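Listed here are the chains, written in short residue letters.
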Amino acid sequence: MEKRRLSFWEVWNLSFGFLGIQMGFALQNANASRILQIFGADVHELSWFWIVAPLMGLIVQPIVGHYSDKTWTKMGRRKPFFLTGALLAAVGLIAMPNAGALTAIFPALWIGAGMLMVMDASFNIAMEPFRALVADMMPADQRTLGFSIQTVLIGLGAVVGSWLPYALTNWFGISNEAAAGEVPFNLILSFVIGALALVGCIMVTILTTKEYTPEELAAFGDSETDASTEDKGLLNIFTDFKNMPFTMKQLSWVQFFSWFGLFGMWVYATPAIAHQVYGLPLSDHSSKMYQDAGDWVGILFGIYNGVSAIYAFFLPAIAKKLGRKATHTYSLILGGIGLMSIYLVPDPTLLIFSMVLIGISWASILAMPYAMLVGSIPTHKMGVYMGIFNFFIVIPQIINALIGGPLVKYLYGGNPVFALVTSGVAFIIAGLLNLKVKEN
């Protein structure tokens, strides 16, 4: 037996939950540093608050991957994890910008950082099984399409999430001004809308996608070994890590430098652009111009995600012509150039060109490593290996979180724009390392 080829709309619905996940994720990426600075965090401390994000991924994703491989319910194999993650993430989205209302319990900065941890753990619970679901449901020759459509939906959701604060202020007249130490209402409302959209999009996937049963997956015969004879304990993750495929080991270095660079961009984009392009002092966290700069960073993040959504439509054709390896290498190098160019841009509008290049790279990062990887993974271990692959996404972020603040403070003279230049260099290194990957 072979897996049934899915229509475009079946693939679309299968991954539609990613639209909501990325909407919430984009709100976090574009605004978490801004909110933490409003609550009193210094620029060189931001990476330490952000460390909770990769730590949650390091802990949660392999565990979720392991148990989603072994879990079978009336709802399905992966879908219970989607729903649990979506509901918890929605709580974090609503609570983080409202942390100031809970200061009778803890300082707002602590609560905001705690909600950042809740959101990241929950996003990881929801995201990891989506990668495995593509491999579960689609034949091998459709998987590049599957991951590319996921990238399209990720891009669309990120555009909406990133643009929400700006749109609410400039299109609907909702204020982006607030007293010092308080989050503007346009941000609070954006996070509430993101929470509702997240749960709604996940429900579309749950209601429209019927997963294969264990018996059906066994009948396809594409497992390298009989999963029923293996140790099902959680500690078996360490054995799987030791025995990871060679292609995964090579891709791990590509992922390391790619996500080291992404983390630096997400943490430092707002303070870097506010200081370097808008000319604001690093101590300014509450002026009208600072809020305008933060809203514009959301627009820029939406642009790079929008470009990634468009570029993702063409990725299967480009990869077919150039090969997946060359496609990913060229895309990473373009993104590196885009990040480094931010240092030279004198006007906020011109940053759009930098974001176009970063968007090309982001689309490839979200799709091509997974398309290159899945052919080397035993099908019955798809979930756990997708979780283990996440190690090489979160470990570089943890390292950046630990060293990023001291680098900005002591090596870069307090100017966070040099953290973005460092991220660009990391992208180019990742692109060059990708040339050595041997695909199956």
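Residues numbered from 1 in each chain as written. Predicted model: local features only at pLDDT ≥ 70, side-chain atom pairs only at ≥ 80, totals over all residues. Heavy atoms only, no water.

> Hey, could you run me through the overall build of the chain in this one?
On a plain count of helices and strands, the chain comes out with 17 helices and 0 strands. Each of the 440 residues in the chain was classed as buried or not, and the buried ones make up 62%. Restricting to contacts in the chain with at least 6 residues of sequence separation, those with at least 24 account for 83%. (Helix = DSSP H or I, 4+ residues; strand = E, 2+ residues; numbered from the N terminus. Buried < 20%, exposed > 50% of the residue type's maximum accessible area, 1.4 Å probe, protein only. Contact = heavy atoms within 4.5 Å.)

> I tried to follow the nonpolar core on my own but got confused; where do I start?
It is characteristic of soluble globular proteins that their nonpolar side chains tend to be buried jointly. In this structure, Ile 21, Leu 36, Phe 123, Met 248, Trp 266 and Trp 362 are the most contacted members of the largest nonpolar core, which totals 131 residues. Among the elements that line this core, the one with the most residues is helix 14 (residues 351-373), at 14 residues. Apart from residues no more than four positions distant in its own chain, Met 248 is found in contact with Leu 373, Ile 377, Tyr 385, Ile 388, Phe 389 and Phe 392. (Core = buried A, V, L, I, M, F, W, Y, C linked by side-chain atoms within 4.5 Å.)

> Please explain the confidence of the model for the chain as it appears in this structure.
Detail in the predicted coordinates should be disregarded across regions flagged by low pLDDT. With 90% of its residues at a pLDDT of 70 or more, the chain shows a mean pLDDT of 83. By mean pLDDT, helix 10 (residues 236-242) is the weakest element of the chain at 68, and helix 17 (residues 417-434) is the strongest at 96. Note on residues 222-231: pLDDT is under 50 here. Beyond four places in sequence and across chains, it has 14 contacts. (pLDDT = per-residue confidence, 0-100.)

> Before we go on, may I ask you to explain the packing of helix 12 (residues 288-322) against helix 14 in this structure?
In a pair of packed helices, the angle between the axes and the distance between the axes together describe the arrangement. Contact geometry for helix 12 and helix 14: axes closest at 6 Å, N-to-C directions at 50°. Considering their axes alone, helix 12 and helix 14 lie oblique with respect to each other. As for the relative orientation of helix 12 and helix 14, their crossing is right-handed in sense. Mapping the contact onto sequence places Trp 296, Leu 300, Ile 303, Tyr 304, Asn 305, Val 307, Ser 308, Tyr 311, Ala 312, Leu 315 and Ala 319 in helix 12 and Leu 351, Ile 352, Met 355, Val 356, Ile 358, Gly 359, Ile 360, Trp 362, Ala 363, Ser 364, Ala 367 and Met 368 in helix 14. Of the residues in the contact of helix 12 with helix 14, the class split is 19 nonpolar, 4 polar and no charged. (Axes fitted to C-alpha atoms, helices over the stretch in contact; angles between N-to-C directions. Parallel < 35°, antiparallel > 145°, perpendicular 65-115°, else oblique. Left-handed = near helix turned anticlockwise from the far one by under 90°. Nonpolar A, V, L, I, M, F, W, Y, C, P; charged D, E, K, R; others polar.)

> Even after reading the chapter, I still don't get the environment of Phe 16, so can you show me in this structure?
Along the chain, the position of Phe 16 falls in the loop between helix 1 (8-14) and helix 2 (17-38). Classification of Phe 16 as buried rests on a relative accessible area of 18%. C-alpha separation for the pair Phe 16 and Ile 154, spaced 138 residues apart in sequence, amounts to 8.9 Å. Every residue in contact with Phe 16, bar those within four places of it in the chain, is listed here: Leu 153, Cys 201, Val 204 and Thr 205.

> Sorry, what's going on with the side chain of Ser 258 here?
In this structure, Ser 258 sits in helix 11 (residues 246-276). Overall, the relative accessible area of 0% leaves Ser 258 in the buried class. Leaving out residues up to four positions away in the same chain, Ser 258 has contacts with Leu 332, Ile 365, Phe 427 and Ala 430.

> What am I meant to see in helix 5 (residues 79-95) here?
A turn of α-helix holds 3.6 residues, and therefore any two residues three or four places apart point the same way. For helix 5, spanning 17 residues, the distance from its first C-alpha to its last is 25 Å, which sits close to the expected 24 Å at 1.5 Å a residue. Every buried residue of helix 5 is accounted for by Lys 79, Pro 80, Phe 81, Phe 82, Gly 85, Ala 86, Ala 89, Ala 90, Gly 92, Leu 93 and Ala 95. (Expected span 1.5 Å × (residues − 1).)

> I tried to follow the packing of aromatic side chains on my own but got confused; where do I start?
How two aromatic rings sit relative to each other is set out by the distance from centre to centre and by the angle between their planes. Under the defined criterion, the tally for this structure stands at 14 aromatic pairs. Every member of this aromatic cluster is reached through a ring pair, and the members are Phe 25, Trp 259, Trp 266, Phe 301, Tyr 304 and Trp 362. (Phe/Tyr/Trp six-rings, centres within 6.5 Å; stacked < 30°, edge-to-face > 60°.)

> Looking at this model, I keep getting lost on a nonpolar patch on the surface. Mind explaining?
A surface patch of nonpolar side chains, about 590 Å² in accessible area, is lined by Phe 8, Trp 9, Ile 310, Phe 313 and Phe 314. Those elements that provide at least two residues to the nonpolar patch are helix 1 and helix 12. Take Ile 310: it is sitting in helix 12. The exposure class of Ile 310 is exposed, given its relative accessible area of 54%. (Patch = residues over 30% accessible without salt bridge, like charges linked within 9 Å, V, L, I, M, F, W, Y side chains within 5 Å. Areas by Shrake-Rupley, 256 points an atom, 1.4 Å probe, with all protein chains shown as cover. Salt bridge = Lys/Arg side-chain N within 4 Å of Asp/Glu carboxyl O.)

> Quick question: what am I supposed to make of the side chain of Thr 205 here?
Take Thr 205: it is sitting in helix 8 (residues 185-208). A polar side-chain atom of Thr 205 sits 2.9 Å from the main-chain amide nitrogen of Gly 17. Thr 205 has contacts with Asn 13, Leu 14, Ser 15, Phe 16, Gly 17, Lys 79, Phe 82 and Phe 130, leaving out every residue within four places of it along the chain. (Polar contact = N/O pair within 3.5 Å; in protein donor to acceptor, adjacent residues only side chain to side chain.)

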